[in-house]
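What follows is each chain in one-letter form.
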Amino acid sequence: MDIEQARFNMIEQQIRPWDVLDPSVLGLLSRVRREDFVPASHRALAFTDTEIPLPEGQCMLAPRVEARLLQELQLTGTERVLEIGTGSGFMACLLAHSSRSVLSLEIRPALATMAQRNLDHARVANVTVARTDGSAPQAATGSFDVIVLSGSVARVPDHLKAQLATGGRLVAIVGQEPVMRAVRLLRTAADAWQETVLFDTVAPRLDGFPEPSRFVF
């Protein structure tokens, strides 16, 4: 496989058509070696428009979804970022190149180990991978300029909204299959958030986040 041609095709045939046009995002995707964050057994799928299997039944999001979420964050390089769901570490790597620092929370030990190894191999020094339940209110302390949920949830928890700094952005994929939407929350004041629906998609659930009640009659 011609890896660079495959990378080029991914950007031009999958990512650009999904309205990812920010030159800084496209340039980053052309430089960061996505194939190094894919398990060896699935390396041939690194640039395909699909979710790639990871250990413990998890998966990487499709490249176009990762790229669109990254673009919608409008990172400037100065932000303190919180990511929930490290996976293989690829999204954390992209975030790290575009922000000041990243704290990435991963509940599954095998994935946290894999992600740390991948990030070390890529020589990314401004990401901290923590093995913890990212759905817990006490999982991370302090406020963040950006929060990213690298998977879907039924709703965005209030404790994560509260951890956004004023002017901060949170992106998440919210809803129930088959209807989910990527949304961006902007904290406009101490007690005010503005929500923007970005696009429709479907993504695997993040561990630990509550599901809506289902009544049985």
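The structure reproduced in this document is the subject of the present report. (Residues numbered from 1 in each chain as written. Predicted model: local features only at pLDDT ≥ 70, side-chain atom pairs only at ≥ 80, totals over all residues. Heavy atoms only, no water.)

## Structural notes on the sheet that holds strand E7 (residues 164-176)
Argument step 1. Spatial ordering of the open sheet is given by E5-E4-E3-E6-E7-E8-E9, a layout of seven strands whose pairing is mixed. At either end of the open sheet lies a strand with only one pairing partner, and these are strand E5 (127-131) and strand E9 (192-201). Across the sheet, the mean angle separating the axes of adjacent strands is 15° when strand polarity is ignored.
Argument step 2. The sheet contacts of helix H5 (residues 109-121) involve strand E4 (101-106) and E5, and relative to E5 the element is tilted by about 165°. (Pairing = 2+ DSSP bridges. Helix = DSSP H or I, 4+ residues; strand = E, 2+ residues; numbered from the N terminus. Axes fitted to C-alpha atoms, helices over the stretch in contact; angles between N-to-C directions. Contact = heavy atoms within 4.5 Å.)

## Thoughts on the pairing of strand E3 (residues 80-84)
Argument step 1. The buried fraction of E3 amounts to four of the five residues, a majority that puts the element mostly inside the structure.
Argument step 2. Once you follow E3 into helix H4 (residues 90-98) and on to E4, the crossover reads as right-handed.
Argument step 3. As paired elements, E3 and strand E6 (residues 144-153) share four bridges and run parallel to each other. For Glu83, the partnering residue across the bridge sits in E6 and is Val148. (Buried < 20%, exposed > 50% of the residue type's maximum accessible area, 1.4 Å probe, protein only. Right-handed = clockwise from strand over helix to strand, strands pointing away.)

## Some thoughts on the packing of aromatic side chains
Two aromatic rings are characterised by how far apart their centres lie and by the angle between their planes.
Argument step 1. In total, this model carries two aromatic pairs according to the counting rule given.
Argument step 2. On the basis of an interplanar angle of 65° and a centroid distance of 4.9 Å, the ring pair of Trp18 and Phe199 is categorised as edge-to-face. Within this pair, whereas Trp18 is found in the loop between helix H1 (3-15) and helix H2 (23-31), its partner Phe199 is found in strand E9, the two being separated by 181 residues in sequence.
Argument step 3. Since its relative accessible area comes to 7%, Phe199 is described here as buried.
Argument step 4. A cation over an aromatic ring shows up here: Arg34 above the ring of Phe90, its NZ or CZ 5.3 Å from the ring centre.
Argument step 5. Positioned over the ring face of Trp193 is Lys161, at 5.1 Å from the centre of the ring. (Phe/Tyr/Trp six-rings, centres within 6.5 Å; stacked < 30°, edge-to-face > 60°. Lys NZ or Arg CZ within 6 Å of the ring centre and 35° of its normal.)

## What to know about the packing of helix H3 (residues 63-73) against H4
Argument step 1. Across the interface, H3 lies against H4 with an axial gap of 11 Å and an inter-helix angle of 30°. Between H3 and H4, the angle is such that the two are roughly parallel. At the point where H3 passes H4, the crossing takes the right-handed sense. Across from Glu66, Leu69, Leu70 and Leu73 in H3, the residues of H4 making contact are Phe90, Met91, Leu94 and Leu95.
Argument step 2. A class-by-class count of the residues in the contact of H3 with H4 yields seven nonpolar, no polar and one charged. (Parallel < 35°, antiparallel > 145°, perpendicular 65-115°, else oblique. Left-handed = near helix turned anticlockwise from the far one by under 90°. Nonpolar A, V, L, I, M, F, W, Y, C, P; charged D, E, K, R; others polar.)

## Observations concerning the environment of Asp2
Argument step 1. Residue placement: Asp2 occurs in the segment before H1.
Argument step 2. A sequence separation of 173 residues divides Asp2 from Gly175, and the C-alpha atoms of the two residues are 38 Å apart.
Argument step 3. Within the structure, the side chain of Asp2 is placed 3.3 Å from the backbone nitrogen of Glu4, a separation counted as a polar contact. (Polar contact = N/O pair within 3.5 Å; in protein donor to acceptor, adjacent residues only side chain to side chain.)

## A word on the side chain of Asp36
Argument step 1. Along the chain, the position of Asp36 falls in the loop between H2 and strand E1 (52-53).
Argument step 2. Each residue touching Asp36, except ones within four places of it in the same chain, is listed here: Arg43, Asn118 and His121.

## Quick word on the environment of Gln13
Argument step 1. Its place among the elements puts Gln13 in helix H1.
Argument step 2. Linking Gln13 and Gln194, residues 181 residues apart in sequence, is a C-alpha distance of 32 Å.

## Examining the nonpolar core
Argument step 1. Leu69 and Leu95 are the most contacted members of the largest nonpolar core, which has 50 residues in total.
Argument step 2. If one sorts the elements of this core by residue count, H4 sits on top with seven residues.
Argument step 3. Sequence-distant contacts of Leu95, defined by excluding residues within four places in its chain, comprise Leu70, Leu73, Leu75, Val81, Glu83, Val102 and Val148.
Argument step 4. In terms of nonpolar packing, the next biggest core, distinct from the first, is built from 19 residues, Leu82, Ala140, Leu185 and Leu206 among them. (Core = buried A, V, L, I, M, F, W, Y, C linked by side-chain atoms within 4.5 Å.)

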